[in-house]
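Coordinates in review
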Amino acid sequence: SASCEFEFITIERTLRGLVWDEEGQVWLSEFQTNNLPNYKKLSEALDTPLASATYAEDGLLYAASLNTDDLVSGLYTIDENSFEVNKIGDSSIGYTDLSPAPSLGGDKLLATYGTYIVIVDRVGGDYLGAFNMASFTGNRNIVALAYEEQYDHPNYGLTDWVFFIDTAGNLYETGFLPY
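All residue numbers here refer to positions counted from 1 along the written sequence of the relevant chain. Under the rules for a predicted model, residues below a pLDDT of 70 receive no local features and side-chain atom pairs below 80 are neither given nor counted, while totals for whole chains, interfaces and linings still include all residues. Think of the side-chain values as coming from all heavy atoms in the structure, minus any hydrogens and water.

What follows covers the nonpolar core. Throughout this description, the term nonpolar core refers to a set of buried Ala, Val, Leu, Ile, Met, Phe, Trp, Tyr and Cys residues connected via side-chain atoms within 4.5 Å. Throughout, exposure labels follow a simple rule: accessible area from a 1.4 Å probe, protein chains only, divided by the maximum for the residue type, with under 20% read as buried, over 50% as exposed, and the rest as partly exposed. Counting residues in hydrophobic clusters, the biggest one holds 12 residues: Ala-101, Leu-104, Leu-110, Ile-117, Ile-119, Met-133, Ile-142, Leu-145, Val-162, Phe-164, Tyr-172 and Phe-176. Among the elements of the structure, strand E10 (116–121), strand E12 (142–153), strand E13 (157–166) and strand E14 (171–176) are those that each provide at least two residues to this core. Ranked by size, the runner-up nonpolar core spans 11 residues in total, among them Ala-56, Ala-64, Tyr-95 and Val-120. Secondary structure elements are taken from DSSP: a helix is a run of H or I of four residues or more, a strand is a run of E of two residues or more, and numbering for both begins at the N terminus.

Moving on, we get to the sheet that holds E12. At least two bridges found by DSSP between two strands are what make those strands a pair. Overall, antiparallel pairing links the three strands, which are arranged E12-E13-E14 in an open sheet. The open sheet is flanked by E12 and E14, the only strands paired with a single partner. Taking each pair of neighbouring strands and ignoring which way they run, the sheet shows an average axis angle of 25°. Alignment of E13 against E14, held across six bridges, turns out to be antiparallel. Across the sheet, Trp-161 pairs through a bridge with Gly-175, a residue of E14. A fitted line through C-alpha atoms represents every axis, and for helices the fit uses only the stretch in contact; the resulting angles, taken between N-to-C directions, go from 0 to 180 degrees.

Glancing now at the pattern of salt bridges. Basic side-chain nitrogens of Lys or Arg form a salt bridge, by our definition, when they fall within 4 Å of a carboxyl oxygen of Asp or Glu. For the structure on display, the rule yields seven salt bridges. Ionic pairing is found between Glu-30 and Arg-16, a salt bridge with its closest N-O pair at 3.4 Å. Note that Glu-30 is positioned in strand E2 (residues 26–32) and Arg-16 in strand E1 (residues 14–20), a separation of 14 residues in sequence. Judged by relative accessible area, Arg-16 falls into the exposed class, the value being 55%. Lys-87 is the partner of Asp-90 in a salt bridge, and the nearest nitrogen-oxygen pair spans 2.6 Å. When salt bridges with common partners are traced through the structure, they connect Glu-57, Asp-58, Asp-107 and Arg-122 into a single cluster.

Encoded structure:
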């Protein structure tokens, strides 16, 4: 007979993010990882239906709306003191999640769209290029994107490493670098 011992840990952190409530309103919120699903509203309900947000290396908080009827997004900045949402521009596709991309030459973000991870122009809002990840995900859409780190590869230079999750819950890791 065999035995196995497991040790579970709880990471207790305070996180900030966008929370959609049961009435479809979006709030800038704060929550404790050990006290989910409870959250504290930091703002009034936002007029813009934001779907995702990320910080970029310039220190600004960027957010994307998602029009699910037309599958397009708008790109915005959010002032963390006043909670003012300022539109940068529109995209011809719909961003479902955002991530910083400091290695890609400045003024860029990464976003998800279906089976793609796309490069976003954070000055104008539209996407500049796309990487189709369908061969890795088995044609499943990507539902989440999280920045891991910037790594200085000895042969290729600065690389942005991200995690992404598909609709089946599979977790992937990949890197992006300038070309």
